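Structural overview for review
Below are the chains, spelled out letter by letter.
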2 protein chains.
Amino acid sequence: MRYVFYSVQQCCLRVHLLARLKGFQKLTPVDDALRIFLEACPLKKLKTVHVHLDSALGRVSAEKIISKEDLPRVDRSAVDGYAVKAEDTVGASQFKPKTLTIADGEEISAKQGKQVWTGNPLPKEANAVIMLENTKRRGAEIEVWTPLTPNENVSKKGEDIKSGEIAVKAGIRLKPQHLGLMAALGMTSITVFEKPKIAILATGNELQEIGNKLQENQVFDVNRHVVSALCRELGAEPLDLGISKDNAEEITEKLRAGLSADVIITTGGTSVGAPDVVPEAVNKIGKPSILVHGIAMRPAMPTALAIVDEKPIVILSGNPVAAMIGFEFFARPLICRMLGLEREESRPTVEAELTKKVLTALGRRSFVRVRVFKENSKFFAEPISARGSGLISTMTRSNGYVIVPENREGLAQGETVLVHLFDNVEAVG
Amino acid sequence: MRYVFYSVQQCCLRVHLLARLKGFQKLTPVDDALRIFLEACPLKKLKTVHVHLDSALGRVSAEKIISKEDLPRVDRSAVDGYAVKAEDTVGASQFKPKTLTIADGEEISAKQGKQVWTGNPLPKEANAVIMLENTKRRGAEIEVWTPLTPNENVSKKGEDIKSGEIAVKAGIRLKPQHLGLMAALGMTSITVFEKPKIAILATGNELQEIGNKLQENQVFDVNRHVVSALCRELGAEPLDLGISKDNAEEITEKLRAGLSADVIITTGGTSVGAPDVVPEAVNKIGKPSILVHGIAMRPAMPTALAIVDEKPIVILSGNPVAAMIGFEFFARPLICRMLGLEREESRPTVEAELTKKVLTALGRRSFVRVRVFKENSKFFAEPISARGSGLISTMTRSNGYVIVPENREGLAQGETVLVHLFDNVEAVG
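Not measured: the values here are computed from a predicted model. For every chain, the first residue of the written sequence is number 1, and numbering continues from 1 along that sequence. For this description, chains carry letters from A and ligands carry numbers from 1, given in the order in which they are written. Owing to the predicted nature of the model, reporting of local features is limited to residues with pLDDT of at least 70; listing and counting of side-chain atom pairs is limited to 80 or more, with chain, interface and lining totals taken over all residues.

**Details of the overall build of chain A**
Formally: Note on conventions: DSSP H or I runs of at least 4 residues are helices, E runs of at least 2 residues are strands, and numbering of each starts at the N terminus. Within these notes, the globule rule equals 2.2 Å times the number of residues to the 0.38 power, and the radius of gyration is based on C-alpha atoms. A residue is called partly exposed when the number of other C-beta atoms within 10 Å of its own lies between 12 and 20, exposed at 12 or fewer, and buried at 20 or more, with C-beta atoms placed from the backbone. Any two residues are considered in contact once their C-beta atoms, placed from the backbone, lie within 7 Å.
A tally of helices and strands in chain A yields eight helices and 29 strands. The C-alpha atoms of chain A give a radius of gyration of 32 Å, which is well past the 22 Å a tight globule of 429 residues would have. Across the 429 residues that make up chain A, the buried fraction comes to 50%. Nonlocal contacts in chain A, meaning residues at least 24 apart in sequence, comprise 72% of its contacts between residues at least 6 apart.

Below, the structure is given as structure tokens:
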């Protein structure tokens, strides 16, 4: 037995290292981890910016749009035909048509009709429009073949939206239809939230940047490219912090640079091995630092969540699949909340029949990648290789995932499962 | 009775006008209309362009990516632990551990283990990895507590993707996971299709551009903004042809300018009223011109489809809702095909219970706007105002549509319907 004298600092470091080497002492359930993290995240809103209507697609509204007028602004014809008084058409039929004379002023009198096209304002005193195909023109007169009720084929003033009504709520991801309603109201711009800036750092001695030549034992960094794209999909702006070696000082320095962003996301170096120095580096840059490390889920167990100087930090696994799943469950809700979205956007789901059984670990929430396909108008979900959370191709071969809860050890063949889709579903029959 | 002499040209025009004023003589079924249109569309592929991996999100791959190597490039550890020979662990348990000595070279011998971290290449002769938490280190030795099978916790060479395998197919909308797999292969760029250019023209004497002051009887143009956004959502590039009066010469001139784009989309002027001169203008600019005019659907019945000088022209209704539905069923499949997508992208769907009955017209395919919400983990679809295809707010108040087939006169309350979603679903309970 050898005795070695350590300084206090060295001693702490060594205890810390030994703790890491033993594996996670305690895993936090997924829901608790997310709650702890989001509750600790400061509720600072992003800055807002005015954008032109035609640049607002996909942005999140930062203001409530209240209509200042009625739409339509006046009663309008909803069809091509003749504006009439409904009472003049009572009893009309193709066998007993009613005859009206054609008016062409701004108003009509009894037993008159005025030709209108879709969208034309109704002449005064008219209260309904007979469709062209239900009339026959005879010189200066028309035969009306069907009876009308008041307001029939009329778009009433204020029927689309009334003055004082909310046209678009705040916290809405703007779709083409929202832009349409704003255009109808004559708006040219809207206040939206700025895109949150997400600084992304990959860590790992083995990582090489694409475009360079791989040295022995190196692999290309995948995660920065995937995480950037995931951020872009949500409408956030990725900032590249590059690749760091598994070196606490280098990581600390890069993280400090990242604090100018709204969120930092790291990948790698978060497990319990000797090179896993990211949580240590995060703890060094500020308070309150790591809140959760080690989550009862598979994949993505080594995920850690931290707050430093009011900035959320999501510390993802270096395994590409685990990084994507960790992003999905922790970064995505965070970014949706930062974006000011009224509610988190969920992925589309589909119920499908599992084509083969799946085994999962009790006490962990498991995420099973599946390929959903449609055959004879029924959906099936084929589990894709449970092995290897590092196999990025399992994500391109699948189009969704199934969540297996903590209290189950797997799913049975033929079971109906809810699939969360991240790509299109193919119809094979 | 008055006799008037017309020139042949005037006469043709007059006959044409009278035909228009009678309503559509014949409505083409939706599926036939789309088939006729797509079959007549030239199969010219868009030009391709190389883009950096980080700019490729959402673009459509124009080349098939074949892996030039195995991934992983060598056998790697999938966990933190010790690389061993599986046969040395047979019979190991926490009560009867096997003891191995620690190796630190490039290979191991019998009864040896070498510490490895996730992702490390396996030392020669090792064929499995024992996880750290299933071992105990005692100086230069480790106790192994569980038996391993060969390849356990190993990412085998080529397990992710093999040399010669297709990594990404052509005609795929690139998602983060595709970019990830390409990064893993060391690729920095990919060939994608150029964005199709869609020229958009709104027609209507009543239209005013947002930002200007409305004159009497004017409304703001909604459709150019909505159609632009719908194009952008699909990854196409809108080109603005502005607003034209209901004047065949002005429309003809603007359409000619639009022929430099890949597709033209017009809105308005396509019904059977006197101001509906768009089909006439389209017929003037080239051949084969209008293929379908008047479709057995509601809304969007006046939609027309044309090809001129090999350019597809989609002639949408001026009613904003009808324009959106017409876009959905004719422009969307066309653009998906132009984009080179392997298959048309369908909107997410959900089965929901209809909250009240809906009446539709027999012989027309009807599109009923609904608001889907989730209550107690069940989906409900509430029909939104059947009236008024001009009411754009019915699109912002709904988040999907239900298709009622031609052979039905409506849907019953409580019926399970398939909703095609164009916005998020809200959970209300």
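**Details of helix H3 (residues 176–184) of chain A**
All names here are of chain A. Burial within H3 is extensive, with nine of its nine residues counted as buried. Every buried residue of H3 is listed here: Pro 176, Gln 177, His 178, Leu 179, Gly 180, Leu 181, Met 182, Ala 183 and Ala 184. In the stretch just after H3, Gly 186 is the one whose phi turns positive, near 85 degrees.

**Re the domain arrangement of chain A**
Threshold: Per the annotation, domain bounds derive from an automatic or database assignment of domains.
Under the domain assignment used here, chain A contains domain 1 (24–45 + 195–338), domain 2 (49–70 + 166–193), domain 3 (76–155) and domain 4 (349–428). For domain 1 of chain A versus domain 3 of chain A, the distance between C-alpha centres works out to 68 Å.

**So, the interface of chain A and chain B**
A common way to state how big an interface is: give the accessible area lost once the parts meet. Applied cut-off: Residues are grouped as follows: nonpolar covers Ala, Val, Leu, Ile, Met, Phe, Trp, Tyr, Cys and Pro; charged covers Asp, Glu, Lys and Arg; every other residue, Gly included, is treated as polar.
If you look at the interface, chain A gives 68 residues, while chain B gives 67 residues. Residue assignment for the side of chain A that touches chain B shows that the elements contributing at least two residues are H3, helix H4 (223–234) and helix H8 (393–397) of chain A. At eight residues, H3(A) tops the list of elements feeding residues into the side of chain A that touches chain B. Across the side of chain A that touches chain B, the residue classes break down as 32 nonpolar, 22 polar and 14 charged.

**Let's talk about the relation of the copies chain A and chain B**
Put simply, the rule is: C-alpha atoms of residues with pLDDT of at least 70 in both copies form the basis for the least-squares superposition of the copies.
Superposition of chain A onto chain B requires a rotation of 180 degrees combined with a translation of 0.0 Å along the rotation axis, giving an RMSD of 0.0 Å. What the rotation and shift describe, once combined, is the action of a two-fold rotation axis. Minimal C-alpha separation from the rotation axis in chain A is found for Pro348(A), amounting to 3.0 Å. Same-surface contact between copies: 99% of interface residues of chain A are shared with the interface of chain B.

**Some points on the sheet that holds strand S7 (residues 128–131) of chain A**
All names here are of chain A. Going by this rule: In short, DSSP must find at least two bridges between two strands for them to pair. Every axis corresponds to a line fitted to the C-alpha atoms, with the helix fit spanning only the stretch in contact, and the corresponding angles, defined between N-to-C directions, vary from 0 to 180 degrees.
Here we have six strands laid out as an open sheet, ordered S7-S4-S6-S5-S9-S8, and mixed in their pairing. Where the open sheet ends on each side, the last strands, each with one partner, are S7 and strand S8 (135–138). Geometrically, the sheet is characterised by an average inter-axis angle of 40 degrees between neighbouring strands, direction not taken into account. Pairing between S8 and strand S9 (residues 141–144): four bridges, direction antiparallel. Across the sheet, Arg 138 pairs through a bridge with Glu 141, a residue of S9.

**Describing helix H4 (residues 223–234) of chain B**
The test is simple: Each residue after the first adds 1.5 Å to the expected span of a helix.
Taking 1.5 Å of rise per residue, the 12 residues of H4(B) would be expected to cover 16 Å, and the 17 Å separating its terminal C-alpha atoms lies within 8% of that figure. Burial in H4(B) covers these residues: Asn223(B), Arg224(B), His225(B), Val226(B), Val227(B), Ser228(B), Ala229(B), Leu230(B), Cys231(B) and Leu234(B). Close packing links the buried residues of H4(B) with H3 of chain A together with strand S13 (197–203), strand S16 (237–244), strand S17 (263–267) and helix H7 (320–338) of chain B. Within two residues after H4(B), Gly235(B) carries a phi angle of roughly 90 degrees, on the positive side.

**Side note on the sheet that holds S17(B)**
All names here are of chain B. In space, the six strands of this open sheet follow the order S16-S13-S17-S21-S20-S18, with mixed pairing throughout. Bordering the open sheet on either side are S16 and strand S18 (288–293), each of which pairs with just one other strand. For this sheet, the mean inter-axis angle between neighbouring strands, taken without regard to orientation, is 20 degrees. Note: S17 against strand S21 (residues 311–316), four bridges, orientation parallel. From the neighbouring strand, Thr 267 faces S21, where its bridge partner is Leu 316. Against the sheet, helix H2 (residues 30–40) makes contact with S18 and strand S20 (304–308), and its axis sits at roughly 165 degrees relative to S18, the strand it touches most. Across the sheet, H4 touches S13, S16 and S17, and the angle it forms with S13 is around 165 degrees.

**Describing the nonpolar core**
Cut-off, in case you're wondering: As used here, a nonpolar core is made of buried Ala, Val, Leu, Ile, Met, Phe, Trp, Tyr and Cys residues. They are joined through C-beta atoms within 7 Å.
By size, the foremost hydrophobic cluster in this structure holds 203 residues, and its most contacted members are Met182(A), Val314(A), Met182(B) and Val314(B). With residues near it in sequence (within four places) discarded, Val314(B) still touches Val263(B), Ile265(B), Leu305(B), Phe330(B), Ala331(B) and Leu334(B).

**Quick notes on unusual backbone geometry**
A cis amide bond links Leu71(A) to the next residue, Pro72(A), at an omega of -15 degrees. Turning to its location among the elements, Pro72(A) is positioned in the loop between strand S2 (65–66) and strand S3 (76–77). With an omega dihedral of -5 degrees, the bond running from Lys287(B) to Pro288(B) counts as a cis peptide bond. Along the chain, Pro288(B) falls in strand S18.

**Brief notes about the confidence of the model for chain A**
Residues and elements named next belong to chain A. In plain terms, the rule: pLDDT expresses how confident the predictor is about each individual residue, on a scale running from 0 to 100.
Averaged over every residue, the pLDDT of chain A is 91; the share at 70 or more is 93%. Taken as a whole, residues 1–20 scores under 50 in pLDDT and shows five contacts with residues more than four places along the chain or in a different chain. With pTM at 0.92, the complex prediction returns an ipTM value of 0.91.

**A few points about the packing of H4(A) against helix H3 (residues 176–184) of chain B**
Test applied: Just so you know how the angles are binned, under 35 degrees is roughly parallel, over 145 roughly antiparallel, 65 to 115 roughly perpendicular, and the rest oblique. For any pair of crossing helices, the crossing counts as left-handed if the nearer helix is rotated counterclockwise from the farther one by less than a right angle, and right-handed if it is rotated clockwise.
For the pair H4(A) and H3(B), interaxial distance at closest approach is 8 Å and the crossing angle is 160 degrees. On the basis of the axis angle, H4(A) is roughly antiparallel to H3(B). For the pair H4(A) and H3(B), the sense of crossing is right-handed. Contact with H4(A), carried on its side by His225(A), Val226(A), Ala229(A), Leu230(A) and Glu233(A), involves Pro176(B), Gln177(B), Leu179(B), Gly180(B) and Ala183(B) of H3(B) and no other residues of that element. Looking at the contact of H4(A) with H3(B) residue by residue, the classes come out as six nonpolar, three polar and one charged.

**Overview of the pairing of strand S13 (residues 197–203) of chain A**
Residues and elements named next belong to chain A. Of all seven residues in S13, six are buried; the element is thus mostly enclosed. Two strands pair when backbone bridges link them, and S13 and strand S17 (residues 263–267) are joined in this way by five bridges, in the parallel orientation. Note that in S17 the partner of Ala 202 across the bridge is Thr 267.

**Let's talk about the pairing of S17(B)**
In terms of burial, S17(B) is a largely internal element, five of the five residues being buried. Neither face of S17(B) is open: one carries Val263(B), Ile265(B) and Thr267(B), the other Ile264(B) and Thr266(B), and all of them are buried.

**Some details on the environment of Lys98(B)**
Turning to its location among the elements, Lys98(B) is positioned in strand S5 (residues 98–102). By C-beta crowding, Lys98(B) is classed as buried, having 21 other C-beta atoms within 10 Å.

**Some remarks on the environment of Gly326(B)**
All names here are of chain B. Along the chain, Gly 326 falls in helix H7. The spacing of Gly 326 and Thr 252 is 74 residues in sequence and 22 Å in space, taken between C-alpha atoms. Setting aside residues up to four positions removed in sequence, Gly 326 forms contacts with Ala 300, Thr 303, Leu 316 and Ser 317.

**Thoughts on the environment of Asp160(B)**
Structurally, the position occupied by Asp160(B) is in the loop between strand S10 (154–155) and strand S11 (166–168). Here the alpha-carbon distance between Asp160(B) and Leu181(B), two residues 21 residues apart in the chain, equals 9.4 Å.

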